[in-house]
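Topology and contacts: notes
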Amino acid sequence: MSSTITHVVVPGTFDPVTLGHVDVIRRARRLFPRVTVAVASSANKNGCGTAFSLADRVEMIREALALEGLPDDVGVESFSGLLVDFCHELGAGGVVKGLRAMTDFEYELQQADLNSHMAPDLESVFVMSSPTYGYVSSSIVREIASMGSDVSILVPANVNARLRAHYAAEDGPERA
Ligand code: PNS
């Protein structure tokens, strides 16, 4: 029998981190003694990159975890390349992701299958999203914030402030 898993990775693009992500990270930390949040560079996401730079996404998560009262032993690291390679580099034994609705399931199953083919030693563990955050996604947050509406019930306070600044700066030249 292989050894008990003590270190897991919670991967994602986190563009930006939402309260739904924080909930999944918190629950991963309840299940496993060591958790690393792995922020993918996702440079080609949707063919047009991410709204926030990799450094900004990492910084926002670090600030958010402190604000939301997560233990300071939860690590936050960026990676590019394959998730399974990054897990091996860290010595992590598994990946934890949140599942919101059936719509998430096929995509997550495909990724878990692929990862399992590439690295049979890694476990994929899924936690069901809290009903409070079942509808929250980074793309919905970006869409609402880009239209100038408040997303303070969907994201940590530091992310709300960053979103306001981000979209205010984007609107600036057009209005001038
Ligand atoms: O927040 P997301 O965009 O759903 O996260 C997806 C992520 C970053 C976990 C996934 O795209 C990923 O693992 N990317 C790293 C590249 C990789 O390993 N791809 C093969 C597995 S599908």
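Scroll up to find the structure this text is about.
Residues numbered from 1 in each chain as written. Predicted model: local features only at pLDDT ≥ 70, side-chain atom pairs only at ≥ 80, totals over all residues. Heavy atoms only, no water.

Section: the pattern of salt bridges
Per the counting criterion, the structure on display carries nine salt bridges. Arg162 is the partner of Asp56 in a salt bridge, and the nearest nitrogen-oxygen pair spans 3.7 Å. Highlighted residues: Asp56 in helix H2 (residues 54–67) and Arg162 in helix H6 (residues 157–175), separated in sequence by 106 residues. Among the ionic pairs, Asp150 bridges to Arg164, the shortest N-O distance being 3.3 Å. Taken together, the residues Asp150 in the loop between helix H5 (138–146) and H6 and Arg164 in helix H6 connect sequence positions 14 residues apart. Taken together, the shared-partner salt bridges in this structure form one network comprising Asp56, Glu59, Glu63 and Arg162. (Salt bridge = Lys/Arg side-chain N within 4 Å of Asp/Glu carboxyl O. Helix = DSSP H or I, 4+ residues; strand = E, 2+ residues; numbered from the N terminus.)

A look at the nonpolar core
If you look at the biggest cluster of nonpolar residues, it comprises 32 residues, and the most contacted ones within it are Val10, Val37, Ile61, Leu65, Val96 and Leu163. Secondary-structure elements contributing two or more residues to this core are strand E1 (7–12), helix H1 (19–31), strand E2 (34–40), H2, H5 and H6. The biggest single contributor to this core is H2, with five residues. Grouped together as the second largest cluster of nonpolar side chains are 12 residues, Val9, Ala40, Phe86 and Cys87 included. (Core = buried A, V, L, I, M, F, W, Y, C linked by side-chain atoms within 4.5 Å. Buried < 20%, exposed > 50% of the residue type's maximum accessible area, 1.4 Å probe, protein only.)

Comments concerning the site of the ligand
Taken together, 14 residues are adjacent to the ligand, and Thr13, Lys45, Gly81, Leu82 and Leu83 come closest. Take Thr13: an N or O atom from its side chain is 2.8 Å from an oxygen atom of the ligand. For the ligand, whose unbound accessible area comes to 530 Å², protein coverage reaches 77%. Taken together, the elements giving at least two residues each to the shell around the ligand come down to E1 and helix H4 (102–118). (Near = heavy atom within 4 Å. Polar contact = N/O pair within 3.5 Å; in protein donor to acceptor, adjacent residues only side chain to side chain. Areas by Shrake-Rupley, 256 points an atom, 1.4 Å probe, with all protein chains shown as cover.)

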